[in-house]
Amino acid sequence: MFVSDFRKEFYEVVQSQRVLLFVASDVDALCACKILQALFQCDHVQYTLVPVSGWQELETAFLEHKEQFRYFILINCGANVDLLDILQPDEEAVFFVCDTHRPVNVVNVYSDTQIRLLIKQDDDLEVPAYEDIFRDEEEDEEHSGNEGDEGSEPSEKRTRLEEEIAAQTLKRRQRREWEARRRDVLFDYEQYEYHGTSAAMVMFDLAWLMSKDLSDMLWWAIVGLTDQWVQDKITQVKYVTDVGVLQRHVSRHSHRHEDEAHALSVDCARISFEYDSLTRPSLRLALYQHWSLHDSLCNTCYTAARFKLWSLHGQKRLQEFLADVGLPLKQVKQKFQSMDVSLKENLREMIEESANKFGMKDMRVQTFSVHFGFKHKFLASDVVFATMSLMESPEHGSGTDSFTQALDSLSRGNLDKLYHGLELAKRQLRATQQTIASCLCTNLVVSQGPFLYCALMEGTPDVALFSKPASLSLLSRHLLKSFVCSTKNRRCKLLPLVMAAPLSAEQGTVTMVGIPPETDSSDRKNFFGRAFEKAAEGTNSRALHNHFDLSASWRRSPQQQPPPPISDLRPEVVLAGWQDTPASPGWGLQGGAAWLPHAQAVIELKAEDRSKFLDALVTLLS
């Protein structure tokens, strides 16, 4: 059920208890975790933190700890599945779920005892009515009991027998009609998968209601929202709306501290809204304040795609752009902080004016920045890229180590880890643009009919950086944007992209990501989750579904057994489908398949099945 009063029905309940905290491996979940940790520290709440990256880890961790805890908190996992069916908890266990994944599973919504949903009610949830989904068992038992009497010869008159048969026939017809309506209602409700309000913003609202909100908590909420925007999990309208909410909190905090002594302290945190600043440019350039302006222009997807920097003509256009702006190469190739102050003062206006001439009209973005003391300044997007790179970096031995490094980097006392994350992010962005240039120059992006396909081979430079679904999804989105800018084929501009990259040479695994067509639609939706599922079923491939985003539609059957460990499978293919929007009304699947937006589906197949799997995918989408 939905929690209406977060303070009384959630926080005051767990305040005197020892709780287990499950946190998903994404930046928004980390930010929500930091806010909740700060609240627990204020009130001396005992808790155990367990990072989870998929359903296998969640089930394993729950089995290990269920005897020690009664209250469990799940951040960015669990809302879109029937938790009670998956985890099989004891009756006294209570789950508090703060999750951005939508739609919310109807069983979780109508569970009055064990499931408590920490979800904002102003989100467009559109949960079906209880009577449309659930039916009393008494009618079914009566119906089945009457069926058992059909074989015996009735002692009543024939007219009464006919009445009973007619009544039973009517009940059967009503039952079939109700089941048909239920299927339609569930299909309409579950066909779109999307993301709601940031979990970090939900936790910050809780802190604000209790008058315990600090500047650090506000900054974590900003980073959580920015993570959703960077990864295209929410629409631009939703992002701007939530930015406005956070901007009011920033103004309130700034007014609260403007007369206090610590506002000028060396270790204070000062948050600013960047969009309307005249002295601090808010440019749509990745990490430009910690990089050179030239490197940022070359490795930001927005500018690299429009300049076509993988070609000599694109490099020439970049030089023309810098000349039009009036920036000397000596200045733009050194660190941004070392540029002449006179150039930086009017940089935003100069770049924005020249960008309009080169067809780039969205060079300004609404974002926030933070000053830690007098020296350290970060944009929210800088922190998102750094934290994401730390979490997916191949240099850490285990997922738990990467999670810990990323979580620590969000604390102002660990700025060295944050700067290390920025260096990893620069490497990731460079590798992304170099891989895009290689794919486009060698014509690795080919048309498979209903979709584009690109495969990275083992031995490709920096291929290890794209072994995980999030980093490969980022590469795929940037590759498709660049391909659309480079191709003259109008039909190819309306096609989605399926991309493959090696995952593990030892296990012979490959990660595949499907992303939607590059369109101007504001609420993009996609079909790859269902397409991957049906293609795997049609080829009799052994599949494993272990990602939080698509579990609502992939884990349907109550009799379905937990998937086997990855190590137990033979060489396979891991499939990750990024859900977004169809290019036209013609895109879709027949036979009850659903469009699933803004999510990732991860399954595993035998490697020898990949060819017939792709053939089946082509057939499905044709």
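Reading the values: the criteria
Residues numbered from 1 in each chain as written. Predicted model: local features only at pLDDT ≥ 70, side-chain atom pairs only at ≥ 80, totals over all residues. Heavy atoms only, no water. UniProt positions renumbered as here; feature names shortened; annotations may be inferred. Axes fitted to C-alpha atoms, helices over the stretch in contact; angles between N-to-C directions. Helix = DSSP H or I, 4+ residues; strand = E, 2+ residues; numbered from the N terminus. Parallel < 35°, antiparallel > 145°, perpendicular 65-115°, else oblique. Contact = heavy atoms within 4.5 Å. Nonpolar A, V, L, I, M, F, W, Y, C, P; charged D, E, K, R; others polar. Phe/Tyr/Trp six-rings, centres within 6.5 Å; stacked < 30°, edge-to-face > 60°. Buried < 20%, exposed > 50% of the residue type's maximum accessible area, 1.4 Å probe, protein only. Lys NZ or Arg CZ within 6 Å of the ring centre and 35° of its normal. Pairing = 2+ DSSP bridges.

As annotated in an unreviewed UniProt entry, the protein carries the name Cell division control protein 45 homolog isoform X1 and is attributed to Bos indicus. Turning to the protein, the UniProt record has this under Subcellular location (unreviewed entry): "Nucleus". Taken from UniProt, the Sequence similarities (unreviewed entry) comment for the protein reads in full: "Belongs to the CDC45 family."

Caption draft 1: Broad picture of the packing of helix 1 (residues 6-14) against helix 2 (residues 27-43). Where helix 1 contacts helix 2, the axes come no closer than 11 Å and their chain directions differ by 60°. Overall, the two elements helix 1 and helix 2 adopt an arrangement that is oblique. Residues Phe10, Tyr11 and Val14 of helix 1 touch helix 2, and the partners they reach there are Leu36, Leu39, Phe40 and Asp43. Looking at the contact of helix 1 with helix 2 residue by residue, the classes come out as six nonpolar, no polar and one charged.

Caption draft 2: Examining the packing of aromatic side chains more closely. Following the criterion strictly, the structure yields 20 aromatic pairs and no others. A ring pair is formed by Phe307 and Phe321, whose centres lie 5.3 Å apart and whose planes are at 55°; its orientation type is tilted. In this pair, Phe307 is assigned in helix 13 (residues 301-307) and Phe321 in helix 14 (residues 312-325), connecting sequence segments 14 residues apart. Each member of the pair, Phe307 together with Phe321, is buried. By the ring-pair criterion, three or more aromatic residues cluster together here, those being Phe22, Phe62, Phe69, Phe72 and Phe95. One cation-aromatic arrangement involves Arg284 over Tyr302; the distance from NZ or CZ to the ring centre is 4.4 Å. Here Lys344 stacks its cationic end above the ring of Phe336, 5.4 Å away from the centre of that ring.

Caption draft 3: Examining the sheet that holds strand 1 (residues 18-24) more closely. As summarised here, the arrangement of the five strands in space is 2-1-3-4-6, forming an open sheet in which the pairing is parallel. Each end of this open sheet is capped by a strand with a single partner; those strands are strand 2 (46-52) and strand 6 (115-117). Pairwise comparison of adjacent strand axes, ignoring direction, gives a mean angle of 20° for this sheet. Against the sheet, helix 3 (residues 55-65) engages strand 1, strand 2, strand 3 (71-75) and strand 4 (94-98), with an angle of about 150° to strand 2. Each of strand 1 and strand 2 touches helix 19 (residues 399-409); the most contacted strand, strand 2, lies at about 120° to it.

Caption draft 4: The environment of Glu352, seen in detail. Mapped onto the secondary structure, Glu352 falls in helix 17 (residues 347-357). The partly exposed category is assigned to Glu352, whose relative accessible area is 24%. Separated by 10 residues in the primary sequence, Glu352 and Asp362 place their C-alpha atoms 8.3 Å from one another.

Caption draft 5: Examining the environment of Phe374 more closely. Among the structural elements, Phe374 can be located in the loop between strand 9 (368-372) and strand 10 (376-379). Using a relative accessible area of 55% as the deciding quantity, one classes Phe374 as exposed. In this structure, the C-alpha to C-alpha distance between Phe374 and Arg270, residues 104 residues apart in sequence, is 9.7 Å.

Caption draft 6: Representation of the pairing of strand 3. Counting buried residues in strand 3 gives five out of five residues, a clear majority hidden from the surface. Because side chains alternate across strand 3, one face comprises the buried residues Tyr71, Ile73 and Ile75, and the other comprises Phe72 and Leu74, equally buried. With five bridges connecting them, strand 1 and strand 3 associate as parallel partners. In the strand pairing of strand 3, Leu21 is matched with Ile73. Bridge count for strand 3 against strand 4 is five bridges, and the pairing is parallel. Bridged to Ile73 within strand 4 is Phe96.

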